[in-house]
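Summary of structural features
Here is how the chains run, residue by residue.
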Amino acid sequence: MKITEIVTYHLSHELEQPFESASMLFTSRDHLLIEIHCDNGLVGWGECLGNRIVNDAFIQAMKPHLIGKNALNIEPIWLKLYNIFRDQGQRGATINAISGIDIALWDLAGKYHQCPTHQLLGGAFREQIPVYATGGFRLVGQDRIESLLEEVSGYKQAGFKAVKIKIGFGIGLDIASIKAVRQCLGEDIELMIDANHGYDHIDAARVANAVSDCDLLWFEEPVVPEALSSYHKLRSSQAIPLAGGETWHTRWGINEALKQNTVDILQPDVCGVGGLSEAKKVLTLCDIYGVRCVPHVWGTSVALAAGLHFHAIIPPSPPSYGCTPDSPRFEYDQTHNPFRSSIVTQPFELNDGYLTVPQGHGLGIEIRPEELAKYRPKV
Ligand SMILES: [Mg+2]
């Protein structure tokens with residue numbers, strides 16, 4: 001099955017209500033998809049996390065190294081691309097681009113072998129995956145606490161069992177927001193906070209200690225991802241489990257982070273960590289270091305599908321006899337994004353708080369090309 005063509009698709013949708021995290025203002029939703037064609041007529045889809053323009057530049061540079069190659073040689077292709085482009089960066093766009101290519105190759109492999117991708121990755125531990133709602137960004141031009149409470153009330157009414165909100169907007173405002181949200185949700189809904197690396201370890205500890213009675217499941221990206229020692233210090237200066245890893249890349253990057261006792265919960269993103277090939281290796285690291293794996297997910301239906309196949313293969317931890325421990329929850333972004341549903345023939349739907357792992361061949365999704373064309377950005 002030889003690779004004959006690689007096509008990238010830029011998707012952009014302007015938001016009516018811009019929102020912000022501690023590190024970024026979102027005025028539009030932007031994503032990059034990759035489509036790999038083969039000489040037997042099969043086509044595979046992948047997606048890259050991060051800036052679509054930068055990622056596409058890397059994919060264009062990688063293209064000549066892919067045309068004519070056997071698409072089933074996924075590991076050799078991964079290593080070849082990494083070796084050629086290592087000097088351009090061992091993280092970031094280099095690995096985001098490889099991730100998108102790798103996911104498309106796993107989609108192709110599943111289609112070729114006529115089975116779901118997760119089966120080729122070793123098989124699923126679960127087919128139904130409980131989700132948590134990701135939201136609580138700061139809405140531009142609106143009262144922070146009022147709009148936040150309105151949003152999380154909606155998640156409670158919709159039946160979500162776990163909710164993650166954004167912080168990193170100032171110590172006082174964050175503490176007030178977290179306490180208000182906990183009170184609004186009650187005791188039975190899990191609550192997580194994500195600072196998108198908006199603090200240093202001193203201020204992060206002040207926030208964490210002030211909300212220690214709010215029963216938080218985790219504190220995500222409290223500090224910048226390269227400050228591994230700050231993660232380590234924060235673990236000993238407050239009691240909330242720390243989570244992070246959405247911008248840590250490859251087995252080498254994640255090994256370095258875990259070696260330094262940074263997090264209790266690792267959050268690799270399959271579209272950024274190096275694709276499904278690398279994500280599987282990262283699971284081994286989680287096992288060795290005794291770290292829980294709860295992946296990061298942010299993107300279109302392609303990222304959701306790839307994320308669900310990855311989630312399916314996360315081993316239960318600990319592997320108890322006679323019972324199936326709950327799956328880690330799947331990150332289900334609730335911000336406005338038409339690409340979560342419009343670009344596939346059968347959008348993912350929540351069923352009683354669970355998403356179903358696709359059972360079709362490959363990633364198990366069918367793209368609607370006419371929808372992709374609608375969202376082509378005007379350059
Ligand atoms: Mg995050």
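What you see is a predicted model, and the numbers here were worked out from it, not measured in a lab.

Procedures and definitions
Residues numbered from 1 in each chain as written. Predicted model: local features only at pLDDT ≥ 70, side-chain atom pairs only at ≥ 80, totals over all residues. Heavy atoms only, no water. Helix = DSSP H or I, 4+ residues; strand = E, 2+ residues; numbered from the N terminus. Rg over C-alpha atoms; globule rule 2.2 N^0.38 Å. Buried < 20%, exposed > 50% of the residue type's maximum accessible area, 1.4 Å probe, protein only. Contact = heavy atoms within 4.5 Å. Areas by Shrake-Rupley, 256 points an atom, 1.4 Å probe, with all protein chains shown as cover. Lys, Arg positive; Asp, Glu negative; His and termini not counted. Charge placed at Lys NZ, Arg CZ, Asp CG, Glu CD. UniProt positions renumbered as here; feature names shortened; annotations may be inferred. Axes fitted to C-alpha atoms, helices over the stretch in contact; angles between N-to-C directions. Parallel < 35°, antiparallel > 145°, perpendicular 65-115°, else oblique. Left-handed = near helix turned anticlockwise from the far one by under 90°. Nonpolar A, V, L, I, M, F, W, Y, C, P; charged D, E, K, R; others polar. Pairing = 2+ DSSP bridges. Donors = N, O, S within 2.8 Å, 3.2 Å for Na, K, Ca; no water. Phe/Tyr/Trp six-rings, centres within 6.5 Å; stacked < 30°, edge-to-face > 60°. Lys NZ or Arg CZ within 6 Å of the ring centre and 35° of its normal. 1 Å grid on protein atoms, 1.4 Å probe; cavity = no way out; pocket = protein on both sides within 12 Å on 5 of 7 lines; lining within 4 Å. Points joined across faces, edges and corners; volume = space filled by probe spheres on them.

Within the chain, the secondary structure is distributed over 12 helices and 13 strands. Relative to the 2.2 N^0.38 estimate, which gives 21 Å for 379 residues, the radius of gyration of the chain is 20 Å and therefore close to what a compact globule would have. In the chain, buried positions account for 55% of the 379 residues. Within the chain, contacts between residues separated by at least 24 positions form 74% of all contacts whose residues are at least 6 apart in sequence. Within the structure as shown, the chain displays about 15800 Å² of accessible surface, and the carbon and sulfur contribution to it stands at 49%. The chain carries 32 positive and 44 negative side-chain charges, and their two centres are separated by 4 Å.

This next bit is on the UniProt feature "domain: Mandelate racemase/muconate lactonizing enzyme C-terminal" (unreviewed entry) in the chain. Under the UniProt annotation, the feature "domain: Mandelate racemase/muconate lactonizing enzyme C-terminal" (unreviewed entry) is placed at residues 145-241. In residues 145-241, the share of helix is 51% and the share of strand is 15%. The end C-alpha atoms are 24 Å apart.

What follows deals with the packing of helix α9 (residues 250-259) against helix α10 (residues 275-289). Axis separation between α9 and α10 bottoms out at 9 Å; the angle between their running directions is 20 degrees. It follows from the interaxial angle that α9 and α10 lie roughly parallel. Relative to α10, the crossing made by α9 is right-handed. For the pair α9 and α10, contact is made by Thr250, Arg251, Trp252, Ile254, Asn255, Leu258 and Lys259 and by Glu278, Lys281, Val282, Leu285, Cys286 and Tyr289, respectively. The residue inventory of the contact of α9 with α10, partitioned by class, reads 7 nonpolar, 2 polar and 4 charged.

Turning our attention to the sheet that holds strand β5 (residues 138-139). Reading across the sheet, the 4 strands line up as β3-β2-β1-β5 and stay open at both edges, with antiparallel pairing between neighbours. One side of each edge strand has no neighbouring strand; the edge strands of this open sheet are β3 (43-48) and β5. Note: strand β1 (residues 3-20) against β5, 2 bridges, orientation antiparallel. Bridging from a neighbouring strand, Phe19 pairs with Leu139 of β5.

With that settled, consider the coordination of the magnesium ion. Around a metal, the ideal angle is 109.5 degrees if four donors adopt a tetrahedral arrangement and 90 or 180 degrees if six donors adopt an octahedral arrangement. The coordination sphere of the magnesium ion, as far as protein atoms go, consists of Asp194 (OD), Glu220 (OE) and Glu246 (OE), spread over 2.1 to 2.2 Å. The sequence pattern describing where the donors of the magnesium ion fall on their chain is D-x25-E-x25-E. Taken together, the residues Asp194 in strand β7 (residues 190-194) and Glu246 in the loop between β9 (242-244) and α9 connect sequence positions 52 residues apart. Under the relative-accessibility criterion, Asp194 is labelled buried at 1%. With a relative accessible area of 11%, Glu246 lands in the buried category.

On inspection of all chains with the given rule, the structure shows 13 aromatic pairs. Centre to centre, the rings of Phe339 and Tyr375 are 4.7 Å apart; their planes meet at 90 degrees, and the pair counts as edge-to-face. With a gap of 36 residues between them, Phe339 in the loop between β12 (330-333) and β13 (354-356) and Tyr375 in the segment after α12 (369-374) connect regions that are remote in the sequence. By the burial criterion, Phe339 is buried, and Tyr375 matches it. The ring centre of Trp298 lies 3.9 Å from the NZ or CZ of Arg29, which sits over that ring.

Our next topic: the pairing of β3. Summarising burial for β3: 6 of the 6 residues are buried, a large majority. Residues of β3 alternate between two faces, with Val43, Trp45 and Glu47 on one and Gly44, Gly46 and Cys48 on the opposite face, all of them buried. Pairing of strand β2 (residues 25-38) with β3, which is carried by 6 bridges, proceeds in the antiparallel orientation. Residue Glu35 lies in a different strand from β3, and its bridge partner there is Trp45. Once β2 ends, the chain turns through 4 residues before running back antiparallel as β3, passing Gly41 with a positive phi of about 90 degrees.

We now examine the environment of Glu226. Here Glu226 lies in the loop between β8 (216-220) and α8 (228-237). Expressed as a C-alpha distance, the spacing of Glu226 and Thr247, which sit 21 residues apart in the sequence, is 9.3 Å.

Applying the stated criterion across every chain yields a total of 2 cavities of 30 Å³ or more. Roughly 40 Å³ of volume is contained in the largest cavity. Contributing to the lining of the largest cavity are Asp269, Val270, Pro295, His296, Val297, Trp298, Ala303, Gly307 and Phe310. Of the residues that constitute the lining of the largest cavity, the class distribution is 6 nonpolar, 2 polar and 1 charged. Sorting elements by how many residues they give to the lining of the second largest cavity places β12 first, with 3 residues.

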